[in-house]
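Here is what each chain is made of, one letter per residue.
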Amino acid sequence: MINVTKLLLENTDYFGDRLRYNKSSYKTKNGVTKDKGPIVVWNCTRTCNLNCIHCYSDSENKRYSGEMTTQEGKEFIDDLVAFKVPVLIFSGGEPLIRNDFFELAEYASKKGIRTTVSTNGTLIDKEMARDLKRLKIGYVGVSLDGIGENNDHFRGQNGAFDSALKGIRNCLSNDQKVGLRVTINKHNYKELPELFKLIEEEDIPRICFYHLVYSGRGSEILDQDISHEETREVMDMIMDYTQYFEKKNKRKEILMVDNHADGIYMYLKMLQKDPKKAERILELLKYNGGNRSGIAISSVDSEGNVHPDQFTQNHTFGNVREKPFGEIWRDTTQNRVLKGLKDRKSLLKGRCSKCKWLDACNGNFRKRAEALYEDFWASDPACYLTDDEIGIN
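None of the values given here were measured: they were computed from a predicted structure.

Enquirer: For the overall build of the protein, give the residues involved together with the corresponding values.
Expert: Secondary structure summary: the protein contains 17 helices and 13 strands in total. Along the first, second and third principal axes, the C-alpha atoms of the protein reach 55 × 50 × 40 Å. Per-residue burial over the protein gives 61% buried out of 393 residues. Across the protein, contacts joining residues at least 24 apart in sequence account for 72% of those joining residues at least 6 apart. Treating the 60 positive side-chain charges of the protein as one cloud and the 59 negative ones as another, the clouds have centres 5 Å apart.

Enquirer: Lay out empty space enclosed by the protein with the relevant residues and their values.
Expert: A probe as big as a water molecule, rolled over the atoms, marks out the empty space that is left. Applying the stated criterion to the full structure yields 5 cavities of 30 Å³ or more. Taken together, 38 residues line the largest cavity, and the ones lying closest to its centre are Met1, Arg20, Ile39, Ile89 and Ile297. Partitioning the lining of the largest cavity into residue classes produces 18 nonpolar, 11 polar and 9 charged. When its volume is computed, the second largest cavity comes out at roughly 430 Å³. Residue lining of the second largest cavity: 29 residues in total, with His54, Tyr56, Ser143, Arg155 and Arg181 positioned closest to the centre. Of the residues contributing to the lining of the second largest cavity, the split by class is 10 nonpolar, 14 polar and 5 charged.

Enquirer: With reference to specific residues and values, describe the layout of surface pockets.
Expert: Of the voids in this model, the largest pocket is the one considered here, and its volume is about 330 Å³. Lining the largest pocket are 15 residues, with Thr45, Arg63, Glu67, Arg98 and Asn99 sitting closest to its centre. Residue composition of the lining of the largest pocket, by class: 3 nonpolar, 7 polar and 5 charged. Empty space within the second largest pocket amounts to approximately 250 Å³. What lines the second largest pocket is a set of 20 residues, and nearest its centre among them are Arg46, Ser57, Asp301, Ser302 and Gln313.

Enquirer: Would you mind going over the pairing of strand β10 (residues 253-257) in detail, with residue names and values included?
Expert: Regular strands show a simple pattern: their side chains alternate between the two faces of the sheet. A large share of β10 lies buried, amounting to 5 of its 5 residues. Of the two faces of β10, the one lined by Glu253, Leu255 and Val257 and the one lined by Ile254 and Met256 are each fully buried.

Enquirer: Can you lay out the environment of Asp258 for me, pointing to particular residues and giving the numbers?
Expert: Following the sequence through the fold, Asp258 ends up in the loop between β10 and α10 (261-273). Here the alpha-carbon distance between Asp258 and Val234, two residues 24 residues apart in the chain, equals 15 Å. Asp258 has contacts with Tyr210, His211, Val213, Phe311, Asn364, Phe365 and Arg368, leaving out every residue within four places of it along the chain.

Enquirer: Run through the packing of aromatic side chains, naming residues and quoting values.
Expert: Taken as a whole, this structure holds 17 aromatic pairs when the rule is applied. Centroid distance Phe196 to Phe245: 6.1 Å. Interplanar angle 50°. Geometry classified as tilted. With Phe196 in helix α8 (residues 192-201) and Phe245 in helix α9 (residues 228-247), this residue pair connects regions lying 49 residues apart in the sequence. We note that Phe196, like Phe245, is buried. Geometrically, the ring pair formed by Tyr241 and Tyr244 is edge-to-face, given 6.0 Å between the ring centres and 80° between the ring planes. On the criterion of helical spacing, the pair formed by Tyr241 and Tyr244 is a turn pair, its members being 3 residues apart in helix α9. Each member of the aromatic cluster is reached from another via a ring pair, and the members are Trp42, Phe76, Phe90, Phe101 and Phe102. The ring of Phe15 carries the charged tip of Arg114 above its face, separated from the ring centre by 4.2 Å. Taking the ring centre of Tyr139 as reference, the NZ or CZ of Arg206 above it sits at 4.3 Å.

Enquirer: Break down the sheet that holds strand β4 (residues 39-43) for me, citing the residues and quoting the values.
Expert: The strands that make up a sheet pair up through hydrogen bonds in the backbone, lying either parallel or antiparallel. Pairing within the open sheet is mixed, and its 11 strands lie in the order β1-β10-β9-β8-β7-β6-β5-β4-β11-β12-β13. One side of each edge strand has no neighbouring strand; the edge strands of this open sheet are β1 (2-3) and β13 (318-319). Sheet strands touched by helix α3 (residues 70-82): β4, β5 (87-91) and β11 (297-300). Its angle to β4, the strand with the most contacts, is close to 170°.

Enquirer: Break down unusual backbone geometry for me, citing the residues and quoting the values.
Expert: Each neighbour pair has its own omega, and for Gly92 with Gly93 the value is 15°, a cis peptide bond. Relative to the assigned elements, Gly93 resides in the loop between β5 and α4 (101-110). Here the phi dihedral of Lys84 falls at roughly 60°; this positive angle occurs in a residue that is not glycine. Mapping Lys84 onto the fold places it in the loop between α3 and β5. In this structure, Asn362 takes a positive phi of about 65° despite not being glycine.

About the cut-offs
Residues numbered from 1 in each chain as written. Predicted model: local features only at pLDDT ≥ 70, side-chain atom pairs only at ≥ 80, totals over all residues. Heavy atoms only, no water. Helix = DSSP H or I, 4+ residues; strand = E, 2+ residues; numbered from the N terminus. Buried < 20%, exposed > 50% of the residue type's maximum accessible area, 1.4 Å probe, protein only. Contact = heavy atoms within 4.5 Å. Lys, Arg positive; Asp, Glu negative; His and termini not counted. Charge placed at Lys NZ, Arg CZ, Asp CG, Glu CD. 1 Å grid on protein atoms, 1.4 Å probe; cavity = no way out; pocket = protein on both sides within 12 Å on 5 of 7 lines; lining within 4 Å. Points joined across faces, edges and corners; volume = space filled by probe spheres on them. Nonpolar A, V, L, I, M, F, W, Y, C, P; charged D, E, K, R; others polar. Phe/Tyr/Trp six-rings, centres within 6.5 Å; stacked < 30°, edge-to-face > 60°. Lys NZ or Arg CZ within 6 Å of the ring centre and 35° of its normal. Pairing = 2+ DSSP bridges. Axes fitted to C-alpha atoms, helices over the stretch in contact; angles between N-to-C directions.

Here it is in C-alpha cells:
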C-alpha cells in the first residue's frame, strides 16, 4: 500500500503511515517486523450478499461449511494479541453478515488490536453505524467500483451503489471514519473524476485505489485490466487530484494498493519537478520496502488457513485451529513460499530480477506473476515502468 498523500505532501499524520514509513518498518527477524507481527486480514466468512466479477474469494450468497466458530475466533484473536499484531482487518465475503461480527470486533478492540472493516457497505444502516462507532472501529472501507449502474453491474446487484452510499453516509453522520475502496479496471477508470467528485461532495476523507489482482473470479477478467499506458494516465490523474484537494484545503488520504511500481513512478515524475521532494519520496519508499506479502501483511481465511495475503489463497502455511498464528508465521522450514517471500530478491526472475528499484518495490505482486506465467517468481506483468526507467537497458 502506497500513501500518495504522504509521499506528495508534507505534514501528514495517518495511522497506517506509522507502520509503513519508519526506518524499522521493513526489517524483520524470523519473519516478524521489529516489535510486532504483521497486519492480518481475516476473511471471517466467505458468504456475501453481492456477486462481484472480480471477487478474489469467489464468494456467493450461500452458507459455507467449516467456518471458524465464535470461540475459535476469540482464541485466534488471543493469538494475534500474543504475537503483537497491530491491525486486524475483518473482511470476507461480507464480514457484516456474520451474526457474531460485533461480538468478535468488540473482543478484538478490548484486547487492544486496532480493528478495521472491509465491506461492501450495503448493510450499514443507522443502527449498525452507531454500533461500529461505539466499538471504536478504526476504519470502515466501503467498496465502490464505479458510479450508479456501472458499480451495480460490476457488483452483480441492482441498487448496490445507492445502498453502499447510504452506508457511507450513515458512518459519516456518526463520526465513524469511512472511505472508498476502488478496484481499477477498464469498466471504471474513466470514472475516476466522478469518484473524486463524490468524495469531495460527500466529504469522504479517504479513498484507496486497488490494482486488479488475478485471483478468484479476478483471474477470469485479466483482459479487463487497464493497459500500462492507461495506468500511467490514472497515476497522473490521482497525483493531480491529491494536489487539487490540498490547494482547496480539503486534504484527502489517497492510497494506491497492490502495485509498488506506483511509488517509483511518483518518484520519477517528481524528480523532474522537485528533486528534493523526490529524494524524500524515495527515502520513504525504501523505509516501506515495497510489497510485504508474507512479511508485514497476512491473511487468514474463514476456515483458519494462513496465507501470504488475501489474494494468494492458493498458498497455505498452516491452520490457526492447529497451531498459533505466530508459530505458523515464524516457521519458514515447512513452506518454501513463505521462506521465499521473506527474502525474495534472489528468487525473482525476468525484469524484476534486474530492476534497480528492488529496495523500494521488492518484486511487486507475486500472485499476478503466478496467474499469468504459472511461475510465482516471474516478473509482475502489471509493472508499467519502462526498461529505461528500471535501469535494465
